[in-house]
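Geometric and topological summary
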Amino acid sequence: DEQIERERASQRLSGDCCALAAVYLMGKFYVANAGDSRAIIIRNGEIIPMSREFTPETERQRLQFLAFLRPELLGKEFTHLEFPRRIQPKELGKKMLYRDQNMNGWAYKKIEEDDLKFPLIYGEGKKARVMATIGVTRGLGDHDLKVFSSNIRIKPFLSCFPEVRVYDLTQYEHCPDDVLVLGTDGLWDVTNDTEVAGVVMEVLTSYEPNDPCRYTMVAQELVVRSRGVLKERGWRLANDKLGSGDDISVFVIPLGGPGNYT
């Protein structure tokens, strides 16, 4: 992240990205995630999450706590409090549900003038945004990102530090059908863990265990199914739902060595 900032200044380059990395070291997989990509292990048909997405919803309390400690970052245009919906001026003095950086549940408060400001986190699911601008709260870069038509910088709320999870391969006996799947949000937006596991098993069983291309074919099939087929109404999945409009990158990494087995 610091290197990107240096290059931004010296070479006038700007950019940003999420990061998902898997490192194999001394019998263990270390999976580090900063962003909204995802990694899962599929072992004997069981799904083992190896990451979690960092979004305004999942990191709500961290973002609110920072805004509470440093209100100047909000530029007098945002409030760190969260409400079920936008507050209208006519609701001043009335009671409304809210939650702050210390709360998991909701409570009531009397609406004040400051509560009319735009919320730090607004929207739900994939539509949730920090300061109505960005939907990912960890990653690299974004040093120049500002709220539209303002000088309010969003970078202070974005963390470049990943969450790391460790998987010890020596604790289990793995077969050639046990894999680690790494994918960008373009895959997971339209394909859930169970569906991915189903594609993995379907494709792998159609190839011999010794065939080295079987894992590449799984990755290819996951990309194709998540993109869908181009029809008059856009890219559509097999169930006619909208296909992924985002970039889709997938890695399928075998955990067990090649060999014949039943």
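Cut-offs used in this document
Residues numbered from 1 in each chain as written. Predicted model: local features only at pLDDT ≥ 70, side-chain atom pairs only at ≥ 80, totals over all residues. Heavy atoms only, no water. Domains from an automatic or database assignment. Contact = heavy atoms within 4.5 Å. Buried area = accessible area lost by both parts, 1.4 Å probe. Salt bridge = Lys/Arg side-chain N within 4 Å of Asp/Glu carboxyl O. Core = buried A, V, L, I, M, F, W, Y, C linked by side-chain atoms within 4.5 Å. Buried < 20%, exposed > 50% of the residue type's maximum accessible area, 1.4 Å probe, protein only. Helix = DSSP H or I, 4+ residues; strand = E, 2+ residues; numbered from the N terminus.

The protein chain has the name PPM1J phosphatase in an unreviewed UniProt entry, where Cepphus grylle is given as its organism.

On to the domain arrangement of the protein chain. Per the domain assignment, the segments of the protein chain are domain 1 (1-52 + 162-254) and domain 2 (59-157). Inter-centroid distance (C-alpha atoms) of domain 1 to domain 2 is 31 Å. Across the boundary between the two partners, domain 1 contributes 17 residues, which contact ten residues of domain 2. A buried area of about 1,100 Å², summed over both sides, lies between domain 1 and domain 2, and 51% of it is on carbon and sulfur atoms. Summed over the three residues of domain 1 that lose the most area to domain 2, namely Asp1, Arg8 and Asp16, the buried surface amounts to 36% of that side. On the surface where domain 1 and domain 2 come into contact, there are five salt bridges.

Moving on to the nonpolar core. Ranked by internal contacts, the top residues of the largest apolar core, which has 19 residues, are Val181, Val196, Leu222 and Val252. Only strand E4 (38-43), strand E14 (179-183), helix H3 (185-188), helix H4 (193-204), helix H5 (214-227) and strand E17 (250-254) provide two or more residues apiece to this core. Element by element, the count of residues in this core is highest for H4, at six residues. Setting aside residues up to four positions removed in sequence, Leu222 forms contacts with Val181, Leu187, Val196, Val199, Val250 and Val252. Listed in part, the 15 residues of the second largest apolar core include Phe78, Ile134, Val147 and Ile152.

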